[in-house]
Amino acid sequence: MDLKKSLKDYWGKFWFFLWKDDSFKGWVFSIVFLFIFIKFIFFPGLSLITGTPLPLAIVESCSMYHQGNLFSNFNSWWQRHEGKYSEFSVNESDFRGFPMKNGFSKGDILFIVRANPEKLEEGDIIIFNANQKNPVIHRIISITSTENEEKIFSTIGDNNNGQLEFEGGVTEEMLVGKAVVKLAPYFGWIKLAFYDWQKPKSERGPCNEN
């Protein structure tokens, strides 16, 4: 009983100190606790559940942006970008059936799950490593297989004028995950605001469609 009472008293003090103590010490304790919880408990747990080391991703570029973002007009976007998809035999009807067909913007937060190479399809949005500063988040536009039946993915950014040099041969080993939903539009700017100013001038600030 003494142990139970001691634990109860300890928990009461801890809870008060964490959420109700308005002193400077209380605020510092709360911030440190939340940082530790998110970094060492929440994210590792989420990674275990989703099967990817990057369960939440902040979009850091405008390569998948559609003008208007949440209120983008697909018809007008397709008219401007149709040409770059013709060589990959992707037509308007195909694209309309793709996940997140209206793209997403810099600062959006995406929910990521494990990318199973055997289940990935054209139109899926994948995250992959390509010897860049950060993983790339682009859309699959074609899939081929090697003689060993390994999948090779070809991607392109919705807002890019064409493929980047490394996008024609994304291997299974390069995969980090698959984006399944946009969780929080623009909320990633809370983090981006601290270092976006360090990027080249042409890459700073909100997105504009090419």
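Residues numbered from 1 in each chain as written. Predicted model: local features only at pLDDT ≥ 70, side-chain atom pairs only at ≥ 80, totals over all residues. Heavy atoms only, no water.

Asks: Please clarify how the overall build of the protein should be interpreted in this entry.
Replies: From N to C terminus, the protein includes 5 helices and 7 strands. Its helices and strands taken in sequence order, the protein reads α-α-β-α-α-β-β-β-β-β-β-α from the N to the C terminus. For 210 residues, the compact-globule estimate of 2.2 N^0.38 gives 17 Å, and the protein exceeds it by more than 25% at 22 Å. Projected onto the principal axes, the alpha-carbon positions of the protein cover approximately 75 × 40 × 30 Å. With 210 residues in all, the protein has 38% of them scored as buried. Carbon together with sulfur atoms contributes 59% to the accessible area of the protein, which is approximately 13,200 Å² in total. Here the protein holds 23 positive side-chain charges and 25 negative ones, and the gap between their average locations is 12 Å. (Helix = DSSP H or I, 4+ residues; strand = E, 2+ residues; numbered from the N terminus. Rg over C-alpha atoms; globule rule 2.2 N^0.38 Å. Buried < 20%, exposed > 50% of the residue type's maximum accessible area, 1.4 Å probe, protein only. Areas by Shrake-Rupley, 256 points an atom, 1.4 Å probe, with all protein chains shown as cover. Lys, Arg positive; Asp, Glu negative; His and termini not counted. Charge placed at Lys NZ, Arg CZ, Asp CG, Glu CD.)

Asks: I keep staring at the state of the cysteines and nothing clicks. Help me out?
Replies: Here, the word disulfide means a covalent bond between the sulfur atoms of two cysteines. Taken as a whole and judged by the stated rule, the model has 1 disulfide. Linked covalently through their sulfurs, C62 and C207 form a disulfide whose S-S length is 2.1 Å. Between C62 and C207 the disulfide shows an S-S torsion of about -85 degrees. By sign, it is left-handed. On the criterion of sequence distance, the pair formed by C62 in the loop between β1 (56-58) and α3 (74-86) and C207 in the segment after α5 (189-192) is long-range, its members being 145 residues apart. (Disulfide = S-S within 2.5 Å.)

Asks: Hey, could you run me through the sheet that holds strand β2 (residues 109-113) in this one?
Replies: Adjacent strands of a sheet form backbone hydrogen bonds with each other and so pair up, either parallel or antiparallel. The strand order β1-β2-β7-β3-β4-β5-β6 describes an open sheet built from 7 strands, whose pairing is antiparallel. Looking at which strands have only one partner, the edges of the open sheet turn out to be β1 and β6 (170-171). Note: strand β3 (residues 125-128) against strand β7 (residues 175-184), 4 bridges, orientation antiparallel. In the strand pairing of β7, I127 is matched with G177. Packed on one face of the sheet, helix α2 (residues 24-50) meets β1 and β2 and runs near 50 degrees to β2. (Pairing = 2+ DSSP bridges. Contact = heavy atoms within 4.5 Å. Axes fitted to C-alpha atoms, helices over the stretch in contact; angles between N-to-C directions.)

Asks: Please explain the pairing of strand β4 (residues 136-145) as it appears in this structure.
Replies: For a regular strand, side-chain orientation follows a simple rule: the groups alternate between the two sheet faces. Among the 10 residues that make up β4, 7 are buried, leaving the element largely enclosed by the rest of the structure. Across 4 bridges, the pairing between β3 and β4 is antiparallel. Residue I127 lies in a different strand from β4, and its bridge partner there is I137. Across 6 bridges, β4 lies against strand β5 (residues 151-156) in antiparallel orientation. Pairing of I143 across the sheet is with F153, part of β5. Between β4 and the antiparallel strand that follows it, β5, lie 5 residues; E149 among them carries a positive phi value of about 65 degrees.

Asks: Would you mind going over the nonpolar core with me for this structure?
Replies: The tendency in soluble globular proteins is for nonpolar side chains to be buried side by side. The biggest cluster of nonpolar side chains holds 12 residues, and these are A57, V59, M64, M100, F104, L110, I112, I125, I127, I137, V176 and A179. For this core, the secondary-structure elements that each account for two or more residues are β2, β3 and β7. Among residues more than four places away in sequence, those in contact with I137 are A57, S63, M64, F104, L110, I125, I126 and I127. Residues I126, I140, V170 and L175 belong to the second largest nonpolar core, which totals 11 residues. (Core = buried A, V, L, I, M, F, W, Y, C linked by side-chain atoms within 4.5 Å.)

Asks: Whenever I open this one, the pairing of β7 confuses me. Can you help?
Replies: Pairing analysis gives 5 bridges linking β2 to β7, with the strands arranged antiparallel. Along β7, the bridge assignment pairs F111 with V181.

Asks: Can you walk me through the pattern of salt bridges in this structure?
Replies: Should their charged atoms come close, side chains of opposite charge can pair. Across all of its chains, the model carries 6 salt bridges by this definition. Between K199 and D196 there is a salt bridge, with the nearest N and O atoms lying 3.8 Å from each other. Accessibility classification places K199 together with D196 in one group, the buried group. Here the salt bridges share partners, and the residues they tie into one network are K106, D196 and K199. (Salt bridge = Lys/Arg side-chain N within 4 Å of Asp/Glu carboxyl O.)

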